[in-house]
Structure formats: structure tokens, C-alpha cells
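Now for the letters of each chain:
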Amino acid sequence: MSAFFTGWLGAAVLSGIVIGVAMTCVAYMTWLERKFVARMQNRIGPYEVGYPHGWLQPMADVAKLLVKEDTTPRAADKLLFNLGPILVVVPALVGFAFLPVGRDLAIVDHPYSFLFFTAFASLTLLGVFAAGWSSNNKYALLSALRMVAMAASYEIPLILSLLIPALLTGSFQLTAVVEAQRGLWFIGYPVIGQLAFGIFLLCALAEGNKSPLDILDAESELVAAYNVEYSGIKFALFYAGEYAHTLAICGLAATVFFGGYLGPAFLPGFVWLILKCVVLFLIILWIRWSLMRMRIDQAIRIMWMFLLPASLVNLLLTAYWVVGR
Amino acid sequence: MSGGPIEVVERDFGELALNMGPQHPSTHGVLRLILHLSGETVIKAIPVIGYLHRGVEKLSEHLAYDQLAPVYERDDYLAPTANSNAYVLAVEKLGGIAVPRRAQWLRAFVSEWQRVSSHLVWLGTLGLDLGGALGGGTTLYMYCFREREKILDFLEELTGTRYHTNYNLVGGARYDLDAAMVAKSNALAASVGAALPEFWSMSGGNPIFQERTRNVGVISKDLAMGVGVTGPTLRASGINYDVRKAAPYDAYGELPFEVITRTAGDAEARFQVRMDEIAVSLKLVRTIVEGLPTGPIFARKPLKNPKATKLPKGEVYAAVESPRGELGFHIVSDGSAKPYRLKINAPSFKNLQIVPHILPGGLVADVVAILGSLDPVLGDVDR
Amino acid sequence: MPAPEIVAAMETRFSATPFALGVEIPAAELLTALRALRDTHGYRYYVLGTGTEAAAAFEVTHAVRNLESNDTLFVKVSVPKDAAEVDSIAFVYAGAEWQEREIWDLIGVTFKAHPDLRRILMPDEYPGHPLRKSFAMDTPWGYRPATAAAVEAES
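In this text the structure is predicted, and so the values were computed from the model without any measurement.

A. Here's a closer look at the overall build of chain A. Each helix and strand in chain A was counted, giving 13 helices and zero strands. Ordered by position in the sequence, the α and β elements of chain A form the string α-α-α-α-α-α-α-α-α-α-α-α-α. In terms of C-alpha radius of gyration, chain A reaches 20 Å, essentially the compact-globule figure of 20 Å for 325 residues. Seen along its three principal axes, the alpha-carbon backbone of chain A occupies a region of about 60 × 50 × 45 Å.

B. Region of interest: the interface of chain B and chain A. Across the contact, 30 residues belong to chain B and 24 residues belong to chain A. Counting only elements with at least two residues in the side of chain B that touches chain A, the list comes to strand S1 (16-20), helix H4 (101-131), helix H5 (136-159), helix H7 (207-213) and helix H14 (364-374) of chain B. Per-element tally for the side of chain B that touches chain A: the top contributor is H5(B), with seven residues. Tallied by class, residues from the side of chain B that touches chain A come to 15 nonpolar, ten polar and five charged.

C. Just the packing of helix H4 (residues 78-95) of chain A against helix H6 (residues 124-134) of chain A, in detail. Residue and element names in this part refer to chain A. The geometry of H4 relative to H6 is characterised by a closest axis approach of 7 Å and an angle of 160 degrees between their N-to-C directions. Compared by their axis directions, H4 and H6 come out roughly antiparallel. The way H4 lies across H6 gives a crossing that is left-handed. Contacts between H4 and H6 involve Leu80, Phe81, Leu83, Gly84, Pro85, Leu87, Val88, Pro91 and Ala92 from the first element and Thr124, Leu126, Gly127, Val128, Ala130, Ala131, Trp133 and Ser134 from the second. A class-by-class count of the residues in the contact of H4 with H6 yields 13 nonpolar, four polar and no charged.

D. Representation of the interface of chain B and chain C. At the interface, 31 residues of chain B touch 30 residues of chain C. Among the secondary structure elements, those contributing two or more residues to the side of chain B that touches chain C are helix H1 (56-60), helix H8 (221-227), strand S6 (314-322), strand S7 (325-333), strand S8 (341-345) and helix H12 (347-352) of chain B.

E. Local environment of the arrangement of the chains. The interface with the most contacts, out of two pairs of chains in contact, is the one formed by chains A and B. One thing to see here is that chain A and chain C don't touch, and their nearest C-alpha atoms sit 14 Å from each other.

F. Structural view of the sheet that holds S1(B). All names here are of chain B. Within the open sheet, the three strands sit side by side as S1-S2-S3. Their pairing is antiparallel. Edge positions in the open sheet fall to S1 and strand S3 (41-48), since each of these has one partner strand only. Taking the axes of each pair of neighbouring strands and ignoring which way they run, one obtains an average angle of 20 degrees across the sheet. Here S1 runs beside strand S2 (residues 32-38); their pairing, made up of five bridges, is antiparallel. Bridging from a neighbouring strand, Ala17 pairs with His36 of S2.

G. Up close: unusual backbone geometry. The backbone of Asp375(B) sits at a positive phi, close to 55 degrees, despite the residue not being glycine. Here Asp375(B) lies in the loop between H14 and helix H15 (378-382). The phi torsion at Ala113(C) lies on the positive side, around 65 degrees, for a residue other than glycine. Among the structural elements, Ala113(C) can be located in the loop between strand S7 (110-112) and helix H4 (148-154).

Criteria and cut-off values
Counting starts from 1 at the beginning of each chain's written sequence and moves along it residue by residue. All chains are assigned letters beginning at A, and all ligands numbers beginning at 1, according to the order in which they are written. Only residues with pLDDT of at least 70 get local features here, since the model is predicted, and only at 80 or more are side-chain atom pairs given and counted; chain-wide, interface and lining totals rely on the full set of residues. Only DSSP runs of H or I reaching four residues or more are called helices, and only runs of E reaching two or more are called strands; each is numbered from the N terminus. The reference for a compact globule is 2.2 Å times residues^0.38; the radius of gyration itself is calculated from the C-alpha atoms. Note on contacts: each residue gets a C-beta atom placed from the backbone, and two residues are in contact if those atoms are within 7 Å. Residues were grouped as follows: Ala, Val, Leu, Ile, Met, Phe, Trp, Tyr, Cys and Pro as nonpolar; Asp, Glu, Lys and Arg as charged; and all remaining residues, including Gly, as polar. Between the N-to-C directions of two axes lies an angle of 0 to 180 degrees, each axis being a line fitted to C-alpha atoms and, for a helix, fitted only over the stretch in contact. Convention used here: angles under 35 degrees read as roughly parallel, angles over 145 as roughly antiparallel, angles from 65 to 115 as roughly perpendicular, and any remaining angle as oblique. Left-handed is the label given to a crossing in which the near helix is rotated counterclockwise from the far helix by less than a right angle, and right-handed is the label when the rotation is clockwise. Here, any two strands with at least 2 DSSP bridges between them count as paired.

Pasting the structure below:
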């Protein structure tokens, strides 16, 4: 079985399966978010479409967005305008290729898969900047400029906090990272694990544009900001890309901090992975839908003054612990 | 403005002129703000109003005094009875028309419920502004509007409509309160009061909110007095002026309540003043129904021809404390059955005037925080 | 009812005539009177500014308040209809800026030395002053449909 999947045809088939599953998960993550948030806000959420629980709502949303008019501003930079949504969706989906769903079961089991994953997750910034710049719209431009400032601030603590699991494993291969958690999940390591996860969570919120750090698409100030000129299928791609990115980040967090596919044997490994993803996703939703947004200078100050030194100290502590082990 | 001259916004080199246009989620209505930005910092802010001007003052010169009270409820559409209350007070003052005590207490009752309802809208939309429609603000918004729905249901039971209640008549009130409604009012006050700590924990007690509103949009005492801001905006800058205490009307001369003031003058102070005012109003509605005097609610002779009420020649000014501030009516009468000139002293118009003074120096994110803390209602600004 | 000693002071200094809400003073004394009210008598809070078209003149009224003594004083000036010009007090009370713009917009009285006298409630290029008695209620309000074709045809 594994031999088939290491060939070209097998990899293509597996990629197709994973992308299909990922996009369906993305669609149903929107449903889950709307139901969960509705319960938080003392209401019901999607209800009519697919009575009684609204489970056809994502299909209705996709259908609506597909039939909308796809406008492009006359003075927009056509190449970047069309490239923006693609650059947001594709890197998130590529990330799924690296996540191990079972023992030695990852589409790309590269010695540096961890680094590749984080690199691809950061590529979404290019899509956002392309969209913001090319829209020929001052609101989008403000959002793109904010993104540059934010990206310079959160990328470093994000990478530094992700180095902790790599250090504790001794390798950048995601399958090895999961296997090294057989004894204790990395989140369980006193201080260094929890601090790394905390910093990672905050920076992941910033990267995914989630409240309290959704400064990029601050809907009440910048009116949908970088995707203000987008409609129809391109907007659907932005929307899907945001959820795909969140799902990928949750997958990464589940893999490197919470043991990935490891779990008691009464459920197969990938089910554990999915369960952990969903729980992390709900935690991110919980934070997103209860807290107000920070101002950009306050957010940047926190990242440089607090998260960066904390992640550096954490790195030193981990290195000391690993060497002394 | 179709077909009109293209507007050129003058700016210096390095400045970005951004139009927070009349259609915007956070400008509390059709307010247009022309912002000159240098990066994220606001250098100049020019408000442009008039998108909701409906010519109420011109209309007033063509309708009879008794017909006019419901018209003004559309001005400040979040606290409608405050408008008509001010109007009928002015007409009664000029015409020497006596109002029965029970009607005065009932007017205060409905006004206080609408103050709570208006402040709940303010709090919910402040959450939307600061938190975003796809974030924590929406949760606060939903909770506030849930409580407000109960208040609107109560008003619907009392008057037949949810908020343009047409409650005030020249010479009295229109609907009376019975024992069942009194019990409902007390239960409602208890339930809204029980929800307030949760709202506080989601807004004022939240460090992110405090960071967004502390030292943002500071209005000094001198600026407040020179520009003439009113209401919670004035009281948050340390000036203790509430029309209910300074020039008591309706039942307020006999009701005990405290006037909330703060000294900081920033958005957080204005937030705290309004939050405390909700609690004061909830206590007031309980006090009012406990001490409600008996008697009629309309003491004039039945009006055979409502269009024939004439007022003596002269000028009068009467004001109430609406949730936004001092809402006053200045009526010039020439002795006929219609006002000769009627001017509405709109609190939001005066509060909005402070925007070019306090917006510069802040960031774009502060613009929405400041506008939210000023609580303008464009119907009141433009009339 | 405004405080009688203030009314008396205004009468002596500025040849004012009292009326129900305050005093009426000659148009030339407006700036000095309001400056005196603000600086000497403590009327530092600006309440409102309004304009009326009376039978033979335009009346501009400013209301100011003394917060310590809780007294509101209305100061009225009259200007003839063919020379409808009055001093602007925007530099004395910052709140008068928009109120005077509204009086210019709706009544048509010009304010000398106003920092930014342009229309505030009506569109910028609107002809006429709506609150004048000569302005009919059924004056068409200039709505034109804003379809792309109509805009193209006009430009």
C-alpha cells in the first residue's frame, strides 16, 4: 500500500483525497463556527437550509458566491488582483501535505517538513499584500500596510516558539516530532511546552487575522479591508483560504504540541488528529468571538516587548534542558 | 451628488486623504468623515453632515401644535420620547397649559426606559466598532440587543409600537399604566439589571477594551464648554450638568437620583458615565412606579379641532435630558395655530462638532473608538 | 428667566432691550457683548445659535449659559434683510461655528470673519435658503437618478 503512494500517481491520488477532504472540512468548519458562535450569543445559527440544523448552509453559501458577479475595478492591477486569492488558498492547502495522519503516513515526509510547513503558512501574507495593493483602494492599501507591520512583528515569535518542539525532538521531520511525543505530549513539558504553545497561539491568531488581532481586516474601521473590492468566486477563495489556513494551523498545533495522531487505540490515529484539530479550532473561535480588537500599535508593542523576549528565553531554557538531558 | 463638481480634497505631501464615507459600518449613520492620514495617524478630520436632513424645522411651520409631537420622534430615533417630551414642554410653557402630575410621572417613566434602551444600543454598537462584526464585538452586540428586545416588547405592550411611541401629548400623556404593567416593569428592570455585570465584564472590565479607550479622545473642560458638548460627554469631562437637576421638568424635581460624572474626559470616562447611567435609570423606573400619583393623564378639554390650538405670541425655550444630552426646543410664536419658527437644539449636533478638535493625533483605530464614545445619532444631527 | 442683574448689566453697557428669554442688542455690539459675557460674567458654555426671518429683518440669536449660577441668557441681534450680515462669534465660542453655518445655510445670513462659511445640511451647490418664508414647501429638491448611463450622459 505504502509503495503505491510513494509513486507519482499515488501521490497525486492522495493529494486529491487530502485536498478534497480539507476543502469539505473547511466548508463544514464555517458551519461549525456559525453554530458554535450562535450558541455563545444565545441564538441558534443556521437553521432553515438543511432543516433542522442548517447542515446544508455551507453548500448554499458556496452556491451563492459562485453565481455572484465577479467584478474587477477598472484601475486595478489585474495580475496581482487575480493572484491574491490564489496565493491565500494554495499555501494553506499545501500545508496539509506535510501533516502526518498516521505512523509514517504523510504525503510528503521530508526531513525538513516542519520548516516547509511554517514557510508555506507564511506565504498567505503575499496574497494579502497582493490583494491590498492591487485593489486600487485606500482601505485595502491601509490594510496591506498594516499587514507588513504586523507580519514583521509576529513571524519571529511564531518561528521561535515552533522551534521548541523541533529542539525537543532533535529533528525537523514532522513524523519524527510526533513519534517523539509518545511518552509525553510537548504541551505537557513544564514551562517550556506551555509557554511555547501560548506564544504560538497568539501569533497564530495574528497570522490568521482573528480577533483580538484581526487588525488587518478590521471590519468596523476598514470595511473588510484587503478584500473590499472582491466579490464572487474570488471572495469565496479568500474566505475558504482563511479557514483552510486556520485548519492548517490547528493541524500543526495538534501535531507538534498535542501529539498528532497519538492516542488510545480504540480510535484510529487520524480520528484523534481530527478531534484535536476541532478542539483547537473551537478554542480559537472562543477567543475570537469574545474579545475586542487591539489597536495596531498596542499589538505590535506586545509582540516586540513581550512575545519576542519570552520566546527567546524559552528557546534558551529548552536548549539548556535538551543539552543537559 | 450625481453630476456635481468633482470634489478635490486638498492635502499636503505625504498625507493620505481617506473618505470614511456616508456608507460605513462605524459612523453611526450617514456621517461622512474626510480623514487626512499620515500613515496611521490622523492629521485632520472634517465631518460632513446633512445626508439625513429631512427639513423637520421647515415642516414644523406648516403643521399645528397638536399635530407636531410625533414628528420629532424621528429625530433622535433611539430615544424618541425625549424629543416629543421637549417639544410638549416648550408648548406647555408658552401656552400656560397645565399637565396633571400622573402624566408627568409617566412621561419620566417612559423616558427612563428609553434611556436604558438607547444606552444598550450604544453599548452594543460600541462593541461592534471596537470588536468588529467578525469578532468579540458581535457577542456584546447580541447580548445588548437581547435585553433591548425585552424593553421594546414592554413598550409595545404599553403603547402599541416598539419605539416611536407617540406617547407625549400637549397637556399630558397618551397611555396609562395599570398594576399588571407595573409588575412587568419591575421584573424587566430586575432582569436588565442582572445582565449588566456580564456586559461590564465584556467591555469595561476587559483590558483590551481599557487599552482601546483610555486616554483616547480626551476632551478638556474648556474645550467642552466652548464647543458646547452636552450629556454624558460633558459629564465625563468633569462638569456636573444634567438638565434633570439643573432645570427640573416632569417628575424629576421630586425624584431622587444621582448625576454621574467623571474627570478624565477620555473615551473610557464617557463609557463609564453611560454604564452607570443605565443602573441609575433602572433604579429610577422602580422609584417612579412606587410613587406614581393617581389622577388623570390628560387634563385639557377634549379637542374638537386639534388644528385650532393657538399659542400666545412670544418665544420659549425648554429642554430635556435625552440620552445624548440637552435636547431643547426654541419656539417663536406669532400668535397663530402653527409655530412661526421652531429650532431644535440637537445634542448630537453639538457633540459631533468636537470631532475636528479631538480626532487629530490619534490613530485610525481611535476614530471609531471616539465616535462610538460620543454616541451621535445622525437623525438628531441632521434633523 | 435670565438673571436680572445680568440683564441690567447688559442694558447699561450695550444698550440692550430685554425680552422673554434674554436681551436684544444692536448688531454692532455682538462681539464685544459676548466676549464680556464669557470673560467677565462667566457665561462660558455655549448652548445654541438660531436664526429667524421676522417680518422686516433677520434675527440671529445666541444662547449662552453660566454653569455656576445655572443661568441661560439668549442674546438676539437684528439685521436688515437687504444687508444680512452679522459678526461671527466662532472665535469666542467654538460651538458657534457649526450653528452659524446652519444659519447661513438655512436662513441666508452671512457671518463676517467666519473660519469656514459653507453649507452644512443642504448640498454644497444648492441654490436658495430653505427656512425663508419665501421658500415654498413644494420646491423640487433636485433628485437625479444616479445610473451609470445618466452620469455618463451628463459628463
